[in-house]
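These are the residues of each chain, in order.
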Amino acid sequence: MGFGTFVEAQGAPFYADGIGRPSLAPGRYFRLLLLGNFAGLDSERAIAWRAADALSIRQFLDFALHEAPPDHSTLSRTRRLIDVETHEAVFTWVLQRLADAHRVEGHTIGIDATTLEANAAMRSIVRRDTGDAYEAWLTRLAAASGIATPTRAELARFDRKRKKKGSNDDWTHPHDPDAKITKMKDGRTHLAHTVEHAVDLETGAIVGVTVQDADAGDTTTMVETLITAAAQVEAVLPAGVGVAEVVGDKGYHSNETMIAFRALGLRSYVSEPDRGRRNWKGKGAAQQAVYANRRRIRGGTRGQRLLRQRGERLERPNAHLYETGGMRRVFLRGHPNSLKRLLLQVCGANLGLLMRQLPSVGTPRSLQGRAVALVAVLIGLLSASWGRVRPSWAPELTDAPNPSSGDAAPRQHDHVILKLRIAPSTTGC
């Protein structure tokens, strides 16, 4: 589809002739980052190792046998030199290929967020005001409370009694200020980032991705994500086609969000948390917007169908990108660096959606199931026609002895039972 030509033109401003050591070509660089999603590799060091190890990947990257693939430091430096806008242009190019294949509708957009573990340790955080490390600050507090020379056990016991000890207003990481203290999915407190997706619920294509602070609420982060998604839809679809419906979970429901959707002319299908009986005095605009959203998600079949699709097409990309794709923890620091890697990670997921459309099969696993089923049907047809084309030397196959004819019990080779197990066609994961 001309991917190499496009990325070479996009990356040309970042390269110079005859200066410095030989560089990594843009076509190879972007293919290497796509390899992270295809092979489930979490770090650039792992990507460089796999590129040097597999012959098929060498062919994908257009490396000859005598050529040495790039080191992870070369890959990392190339990523730092190429700006975010170029990575976004590559993401738009891939999304345009999906739009040309009618895999982007752009009418109904679902938004969902998840947390990514940052490449920063909690033990390295420092005070924003004084720059003191956590242990030194804790030792000073213990000494002020009467413990002159506290041991590590005494410090831990003293720290457990303190409240609000991990506030992002007081603490930061010196090497990754964008990482925020938050609670992860498994309950651990860690430095993390929030990544938010906008997914076309009609096709499953990811039309937007943003990286934001982990301590920001969903109602705050969705504004940037929705703007990004709307801009991408307008860029790849004909004029006049745009976002008209927004689907989200309970975290995105608030009076301000419902009013904003109503003002923008967007139909919202956002799950409403149980807040009990509410007082709407002086909040007429919010009441109308909330009640309209409630009628859509409870009274209509379309609203219920969209909420079911939310679980299928909003939660599944998280598993593909971060569990299978190996990006649950980022090995990069700063939102721009993480966003560059995530944009290409999402490009790989969208390309997978396009490749699954070529054989007109939902997923590779369903293709595998259909192949097994086809083989089983062929075996069944051959066994059914066995009696018609039975050779003269083959014994006659009978289902059971016929008592009326006085036949004795059948011989061992007269009674053959053939059981076919047809694998069901599954949707995969």
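Here the structure is shown first, and the text comes after it.
Residues numbered from 1 in each chain as written. Predicted model: local features only at pLDDT ≥ 70, side-chain atom pairs only at ≥ 80, totals over all residues. Heavy atoms only, no water.

Participant: Please provide a residue-by-residue account of the overall build of the protein, values included.
Facilitator: When you go through the protein residue by residue, the secondary structure sums to 15 helices and 8 strands. The 429 residues of the protein split such that 42% are buried. Once local pairs closer than 6 in sequence are excluded, the contacts in the protein between residues at least 24 apart make up 68%. For the protein, the exposed area adds up to about 23,700 Å²; of that, 53% sits on carbon and sulfur atoms. (Helix = DSSP H or I, 4+ residues; strand = E, 2+ residues; numbered from the N terminus. Buried < 20%, exposed > 50% of the residue type's maximum accessible area, 1.4 Å probe, protein only. Contact = heavy atoms within 4.5 Å. Areas by Shrake-Rupley, 256 points an atom, 1.4 Å probe, with all protein chains shown as cover.)

Participant: How would you summarise the packing of helix H1 (residues 3–11) against helix H2 (residues 26–39) if you had to cite specific residues and measurements?
Facilitator: For any two helices packed against each other, the geometry comes down to the angle between their axes and how far apart the axes lie. Interhelical geometry of H1 versus H2 gives an angle of 110° and a closest axis separation of 8 Å. Compared by their axis directions, H1 and H2 come out roughly perpendicular. Pair H1 / H2 crosses with right-handed handedness. Contact residues: Phe3, Gly4, Val7, Glu8 and Gly11 in H1; Pro26, Gly27, Phe30, Arg31 and Leu34 in H2. (Axes fitted to C-alpha atoms, helices over the stretch in contact; angles between N-to-C directions. Parallel < 35°, antiparallel > 145°, perpendicular 65-115°, else oblique. Left-handed = near helix turned anticlockwise from the far one by under 90°.)

Participant: Tell me what's going on with the packing of aromatic side chains, and back it up with residues and numbers.
Facilitator: In the structure shown here, the tally under the stated rule is 5 aromatic pairs. Look at Trp280 and Tyr291: their rings are 5.8 Å apart centre to centre, the planes differ by 80°, and that puts the pair in the edge-to-face class. Separated by 11 residues along the polypeptide, Trp280 in the loop between strand S8 (267–270) and helix H11 (284–299) and Tyr291 in helix H11 bring together distant segments of the chain. By relative accessible area, Trp280 is classed as buried at 12%. (Phe/Tyr/Trp six-rings, centres within 6.5 Å; stacked < 30°, edge-to-face > 60°.)

Participant: For the pairing of strand S7 (residues 245–248), give the residues involved together with the corresponding values.
Facilitator: Of the two faces of S7, both are covered, the one formed by Glu245 and Val247 as well as the one formed by Val246 and Gly248. Where strand S1 (residues 108–117) meets S7, 3 bridges bridge the pair, whose relative direction is parallel. Along S7, the bridge assignment pairs Thr108 with Glu245. Of the pairings in the sheet, the one linking S7 to S8 comprises 4 bridges and is parallel in character. By the bridge assignment for S8, Gly248 is matched with Val270. (Pairing = 2+ DSSP bridges.)

Participant: Would you mind going over helix H5 (residues 72–81) in detail, with residue names and values included?
Facilitator: Among all positions of H5, only Thr74, Leu75, Ser76, Thr78 and Arg79 are buried. Structurally, H5 contributes buried residues whose contacts are with H2, helix H3 (44–53), helix H6 (84–100) and helix H14 (335–357).

Participant: Any chance you could break down helix H13 (residues 315–324) for me, citing the residues and the numbers?
Facilitator: Within the sequence span of H13, burial applies to Pro317, Asn318, Leu321 and Tyr322. Here the buried residues of H13 occupy an arc of 105° about the axis, which is enough to place them on one side. Structural note: H13 exposes Glu323 and Thr324 on the side pointing more than 90 degrees away from its buried face. Those residues of H13 that are buried are in contact with H2, S1, strand S5 (189–200), strand S6 (206–213), helix H12 (301–313) and H14. Directly after H13, the chain includes Gly326, whose backbone phi takes a positive value near 75°. (Arc of directions from axis to C-beta.)

Participant: Kindly report on the pattern of salt bridges, identifying the contributing residues and their values.
Facilitator: Summed over all chains, the structure comprises 11 salt bridges. Taking the shortest distance from any N to any O, the salt bridge between Glu245 and Arg302 comes out at 2.5 Å. With Glu245 in strand S7 and Arg302 in helix H12, the pair connects residues that are 57 residues apart, well separated along the chain. The exposure class assigned to Glu245 is buried, which follows from its relative accessible area of 4%. Here Arg328 and Glu323 are joined by a salt bridge, their closest N and O atoms 3.0 Å apart. The exposure class assigned to Arg328 is partly exposed, which follows from its relative accessible area of 22%. Linked through salt bridges whose partners overlap, the residues forming this network are Glu202, Glu245, Arg267 and Arg302. (Salt bridge = Lys/Arg side-chain N within 4 Å of Asp/Glu carboxyl O.)

Participant: Go over the packing of helix H7 (residues 134–144) against helix H8 (residues 152–160) with me, naming the residues and quoting the values.
Facilitator: Axis separation between H7 and H8 bottoms out at 10 Å; the angle between their running directions is 85°. If you check the angle between H7 and H8, you find them roughly perpendicular. Packed against H7, whose contacting residues are Tyr134, Glu135, Leu138, Thr139, Leu141 and Ala142, the element H8 presents Arg152, Leu155, Phe158 and Asp159 at the interface. For the contact of H7 with H8, the class distribution of residues is 6 nonpolar, 1 polar and 3 charged. (Nonpolar A, V, L, I, M, F, W, Y, C, P; charged D, E, K, R; others polar.)

Participant: A description of a nonpolar patch on the surface should follow, citing residues and the corresponding values.
Facilitator: Together, Phe38, Phe60, Met355 and Leu358 line one region of the surface with nonpolar side chains, adding up to about 420 Å² of accessible area. For Phe38, a relative accessible area of 39% gives the class partly exposed. (Patch = residues over 30% accessible without salt bridge, like charges linked within 9 Å, V, L, I, M, F, W, Y side chains within 5 Å.)

Participant: Can you tell me about the side chain of Ser338, naming the residues and giving the values?
Facilitator: Its location among the elements puts Ser338 in helix H14. With residues up to four places along the chain from it excluded, the contact list for Ser338 reads His193, Val211, Val330 and Leu332.

Participant: Any chance you could break down the nonpolar core for me, citing the residues and the numbers?
Facilitator: Core analysis: the biggest nonpolar cluster contains 76 residues, and Phe30, Val104, Ile111, Val207, Val246, Phe261 and Leu344 have the highest contact counts within it. Examining the composition of this core, we find that 9 residues originate from one element, H14, more than from any other. Leaving out residues up to four positions away in the same chain, Phe261 has contacts with Met222, Leu226, Val246, Leu266, Ser268 and Val270. Membership of the second largest hydrophobic core comes to 13 residues, among which are Ala142, Leu155, Trp171 and Ile181. (Core = buried A, V, L, I, M, F, W, Y, C linked by side-chain atoms within 4.5 Å.)

Participant: Got a sec to walk through the side chain of His335? Specific residues and values, please.
Facilitator: By the element assignment, His335 lies in helix H14. With relative accessibility at 13%, the residue His335 sits in the buried group.

Participant: Give a description of the environment of Val199 that names residues and reports values.
Facilitator: Secondary-structure assignment places Val199 in strand S5. Between the C-alpha atom of Val199 and that of Arg310, which follows or precedes it by 111 residues, the distance is 9.3 Å. Not counting residues within four places of it along the chain, the set of residues in contact with Val199 comprises Thr108, Ile109, Gly110, Gly204, Ala205, Ile206, Arg313, Leu314 and Pro317.

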